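Close look at the chain arrangement
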Amino acid sequence: MQTLKKALAEKKVEPIRLAMARKDLLHYGRYIFEEEYETPLLESWYHKLLCDALMKVASGDITRLIINIPPAYGKTEFAVRLFVSWFLGNAPKKRVIYTSYSDDLATKTPAEVKELITSSAYKKVFEGISLGRKKADKEWYLESNGGMFSTTVGGGITGFHGNIVIIDDPMKAIEKNSKATRDLVKNFYKGSISSRLRKDDPNSAIIVIMQRLHEDDLVGYLLEEEPNIWTHINLTGIEEEQKEYDFFDFHYSRPAHEPLNIHFEDEAKLERQKVVMKEDWYSQYMQDPRTIETGYVSKEDFVSVAKWEIDEDNKCISIDPAQSTKETSDNRAISLVGVSLSSEKIELFNVYGTWFGKWSNEEFITHIIQVMLENPTVPVFMESSGGGIITEQYLKKEIQKVNYRLKSSGKAIITNRVILFNPKTKISKNQKIDQSVTCLKNHQVRFLVGADGVEQVKQEYLGFHPEKDSKQDDCMETIANVVVNGFVSAKVKKEVKTVHIANGFDRQRQKTRWRL
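Residues numbered from 1 in each chain as written. Predicted model: local features only at pLDDT ≥ 70, side-chain atom pairs only at ≥ 80, totals over all residues. Heavy atoms only, no water.

Some details on the overall build of the chain
Going by this rule: We count a stretch as a helix when DSSP gives it H or I for four or more residues in a row; a strand needs E for two or more, and each element gets its number in order from the N terminus. Accessibility here uses a 1.4 Å probe with only protein chains present; expressed as a share of the type maximum, an area under 20% marks a residue as buried, one over 50% as exposed, and anything in between as partly exposed. The criterion used for residue contact is that any of the two residues' heavy atoms lie within 4.5 Å. All accessibility values rest on the Shrake-Rupley procedure with a 1.4 Å probe; residue burial counts only the protein chains present in the view. For this count, His and the chain ends are skipped, Lys and Arg are scored as positive, and Asp and Glu as negative. Lysine's charge is taken at NZ, arginine's at CZ, aspartate's at CG and glutamate's at CD.
What the chain contains, in helices and strands, is 15 helices and 19 strands. For the chain, the spread of C-alpha atoms along the three principal axes comes to 115 × 55 × 50 Å. By residue count, 51% of the 516 residues in the chain fall in the buried class. Considering only contacts within the chain whose residues lie at least 6 apart along the sequence, 70% involve residues at least 24 apart. Counting only carbon and sulfur atoms, one obtains 49% of the accessible surface of the chain, whose full area is about 26,800 Å². Across the chain, the 73 positively charged side chains and the 74 negatively charged ones have centroids separated by 4 Å.

Here's what the structure looks like:
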């Protein structure tokens, strides 16, 4: 009797499940996992976020979507196998282009989508959808003339235009440091992908799904060159602090230290993964290809100091104008550093703040002048090479304009000296930075509590190794220049000698040297 009741109940629920699967990608995913894969979906909060975003692509609300997610979290399953089959079930005349780095993936993945469309579970959800005559793994069509075409990155897409183009892992992880490979991917995107979108569909879309590999990978290029047209979903393996995710009607408050999918791993397992992956952890799991920890510098090497703890020091403004004057070049950086002496007469370098950015020349000059105004009379030191001479010319012209306005309004003008210095040719940049690392490890480099830019400086030092090229070194180089070049010296206190006199009172006087 119980078995009969259960069967009747399931019979009533089944039409609702099928209707929800047709309408909603996440419901469709659950249904396929249960009925076709015969295993439950190990669902986490991000699955709904991914499905909501992909459905916005299907509806035309989003036409450019980037999904960054760590490896092995189901990105190809949801964004390709499930999404493409669901999309074609709802729009059987539409066409999808799929591309990946390897011929194996470019063959296997569309074949799996084709196989799913022919399954009995799929036919219950989308009745009447069937394959047409052409059924090759890398190019197949539905009877309604919709279909899927696949190729490798750099391969040809002749004669096929898609309503949606999906770029799935366009580059092998082991080739991340190959500029030739990165350029191939970018050129493939610029030359082939955009031209393969259907021109008669105003909602034609491109989806990029990958873990980050390099700051100059495809996602880095797209966010830099086309920043305002891409919807970017950035998912990390774990977060140090609580993070809010808002996407249309979707909201999730992710607690600190919560793994992306608690069904896969816990915090301890992720820590072990971090040790194994080393520098790849930050790019692939944290979607931050700029951060690397080489182990040469440790977090214990950094010390903070309160302002009241700093003895009177001599300050300077150290500037790295970047290696190019192009407006899209490396970060430009400014540091305010003071030099003082410890009680043991050891030099201390007090970092009051570091400011950095991919600034245009005008923005860079504005930031320098702001630091000068806040620190009157403090000298400015700038390396002559790498755009320093041009930056100095721009700066001096702008100072004249600012001083005219200040003088007209009765305010104090800028009097900071601007000094160009030539880089030392006997040591390399890494050797120079390494000298500052020695001071850092000796706790001679100290960071003012609450100073701007400290996290960026720490990130650069943690990624430094003297035998490797640094991905980012602009901020730490401004500090290294102060350490190595001796821009300013610490203020030396005059020695005071206590003299004991007969009446028992002590009198202090400056030590005097007699000239005979």
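Structural notes on helix 13 (residues 429–441)
Selection criterion: Here, expected helix span is obtained from the residue count minus one, scaled by 1.5 Å.
The terminal C-alpha atoms of helix 13, which comprises 13 residues, lie 18 Å apart, in line with the 18 Å expected from a rise of 1.5 Å per residue. Residues of helix 13 that are buried: Asn430, Lys432, Ile433, Ser436, Val437, Cys439 and Leu440. Check the buried side of helix 13 and you find it contacts strand 14 (347–357), strand 15 (380–383), strand 17 (445–448), helix 14 (454–462) and helix 15 (474–485). Following helix 13 by one or two positions, histidine 443 has its phi on the positive side, about 60°.

Focus: the pattern of salt bridges
For clarity, the threshold we go by: The term salt bridge refers to a side-chain nitrogen of Lys or Arg lying within 4 Å of a carboxyl oxygen of Asp or Glu.
Inspection of every chain in the model, using the stated rule, returns 30 salt bridges. Close ionic contact of aspartate 52 with lysine 48 constitutes a salt bridge, the shortest N to O distance being 3.4 Å. Taken together, the positions of aspartate 52 and lysine 48, both in helix 3 (residues 45–59) and four residues apart, correspond to about one turn of that helix. Here the salt bridges do not stand alone but share partners, grouping Lys179, Arg182, Asp183, Lys186 and Asp216 into one network.

A closer look at unusual backbone geometry
Unusually for a residue other than glycine, alanine 72 sits at a positive phi of about 70°. For alanine 72, the position within the fold is in the loop between strand 1 (64–68) and helix 4 (75–90). Overall, alanine 72 belongs to the exposed group, its relative accessible area being 72%. In this structure, aspartate 169 takes a positive phi of about 45° despite not being glycine.

Brief notes about the sheet that holds strand 15
Formally: At least two bridges found by DSSP between two strands is the condition for calling them paired. Convention adopted: a line fitted to C-alpha atoms gives each axis, helices being fitted over their contacting stretch, and angles between N-to-C directions are expressed from 0 to 180 degrees.
On the basis of which strands lie adjacent, the open sheet formed by seven strands has the order 11-17-14-13-12-15-16 and mixed pairing. The sheet is open, and its two edges are formed by strand 11 (303–305) and strand 16 (418–421), each paired on a single side. The sheet shows a mean angle of 35° between the axes of neighbouring strands, direction not considered. Pairing of strand 15 with strand 16 involves four bridges; the strand directions are parallel. Counted as the bridge partner of phenylalanine 381 is isoleucine 419 from strand 16. Docked against the sheet, helix 11 (residues 361–374) engages strand 12 (314–320), strand 13 (332–341), strand 14, strand 15 and strand 16, running at close to 25° with respect to strand 13.

A short note on the environment of aspartate 183
Within the fold, aspartate 183 resides in helix 7 (residues 179–193). You can call aspartate 183 partly exposed: its relative accessible area is 23%. Sequence separation between aspartate 183 and leucine 218 is 35 residues, and the spatial gap between their C-alpha atoms is 8.8 Å.

A look at the nonpolar core
Our working definition: Working definition of a nonpolar core: buried Ala, Val, Leu, Ile, Met, Phe, Trp, Tyr and Cys residues. They are joined through side-chain atoms within 4.5 Å.
Core analysis: the biggest nonpolar cluster contains 65 residues, and Tyr28, Phe83, Ile166 and Leu235 have the highest contact counts within it. Beyond its immediate sequence surroundings of up to four residues, phenylalanine 83 is in contact with Leu25, Leu54, Val57, Ala58, Phe78, Ile164, Ile166 and Ile207. By size, the runner-up hydrophobic cluster in this structure holds 55 residues, among which are Ile368, Val371, Phe381 and Val454.

Re the packing of helix 2 (residues 25–35) against helix 4
Our working definition: In what follows, roughly perpendicular refers to angles from 65 to 115 degrees, roughly parallel to angles under 35, roughly antiparallel to angles over 145, and oblique to any angle outside these ranges.
Between helix 2 and helix 4, the shortest axis-to-axis distance is 10 Å and the interhelical angle comes to 95°. Classified by the angle their axes make, helix 2 and helix 4 are roughly perpendicular. Across the interface between the two elements, Leu25, Leu26, Tyr28, Gly29, Ile32 and Phe33 of helix 2 pack against Glu77, Phe78, Leu82, Phe83, Ser85 and Trp86 of helix 4.

Focus: the packing of aromatic side chains
Rules: Side-chain rings of Phe, Tyr and Trp (the six-membered ring for Trp) are treated as a pair once their centres are within 6.5 Å; stacked means planes under 30 degrees apart, edge-to-face means over 60, and tilted covers the remaining angles.
Following the criterion strictly, the structure yields 23 aromatic pairs and no others. Where tyrosine 73 meets tyrosine 285, the ring centres are 6.4 Å apart and the plane angle is 80°; that geometry is what we call edge-to-face. You can see tyrosine 73 sitting in the loop between strand 1 and helix 4 and its partner tyrosine 285 sitting in helix 10 (residues 280–285), a full 212 residues away along the chain. Under the relative-accessibility criterion, tyrosine 73 is labelled buried at 2%. We classify tyrosine 285 as buried; its relative accessible area is 6%.

Re the side chain of arginine 212
Filter applied, for reference: Side-chain atoms alone can form a polar contact between residues adjacent in sequence; in general such a contact is a pair of N or O atoms within 3.5 Å, and within protein one must be able to donate a hydrogen while the other accepts it.
For arginine 212, the location among the structural elements is in the loop between strand 7 (205–210) and helix 8 (218–225). Here the side chain of arginine 212 touches histidine 214 through a polar contact of 3.1 Å, landing on its backbone oxygen. At 2.9 Å, the side chain of arginine 212 and the side chain of aspartate 217 are in polar contact. Excluding its chain neighbours within four sequence positions, the residues that come into contact with arginine 212 are Asn68, Asp217, Val219, Gly220, Ser283, Gln284, Gln287 and Pro289.

Considerations on the sheet that holds strand 1
Strand order in this open sheet of eight strands is 3-4-5-2-6-7-1-8, and the pairing throughout is mixed. Looking at the sheet topology across the chains shown, the edges are occupied by strand 3 (131–136) and strand 8 (231–234). The sheet shows a mean angle of 15° between the axes of neighbouring strands, taken without regard to direction. Inspection of the sheet shows strand 2 (residues 95–100) paired to strand 6 (residues 164–168) by five bridges, in the parallel sense. Residue isoleucine 97 lies in a different strand from strand 6, and its bridge partner there is valine 165. Set on the sheet, helix 4 makes contact with strand 2, strand 4 (139–142), strand 5 (147–152), strand 6 and strand 7; between it and strand 6 the angle comes to about 165°. Where helix 8 meets the sheet, its contacts fall on strand 1, strand 6, strand 7 and strand 8, and the angle it forms with strand 7 comes to roughly 135°.

Overview of helix 7
Compared with an ideal rise of 1.5 Å per residue, which puts 15 residues at 21 Å, helix 7 spans 20 Å between its outermost C-alpha atoms and is within 8% of the ideal. Of all the positions in helix 7, only Thr181, Arg182, Val185, Lys186, Phe188, Tyr189 and Ile193 are classed as buried. Against the buried residues of helix 7 lie strand 2, strand 5, strand 6, strand 7 and helix 8.

Considerations on the environment of threonine 236
With respect to the element layout, threonine 236 can be found in the loop between strand 8 and strand 9 (243–247). Once the C-alpha coordinates of threonine 236 and tyrosine 282 are considered, the two residues, 46 residues apart in sequence, prove to be 9.2 Å apart. Ignoring sequence-local partners within four residues, the contact set of threonine 236 consists of Pro70, Tyr245, Arg254, Leu260, Tyr285, Met286 and Gln287.

What is shown is where atoms sit, not what they do.
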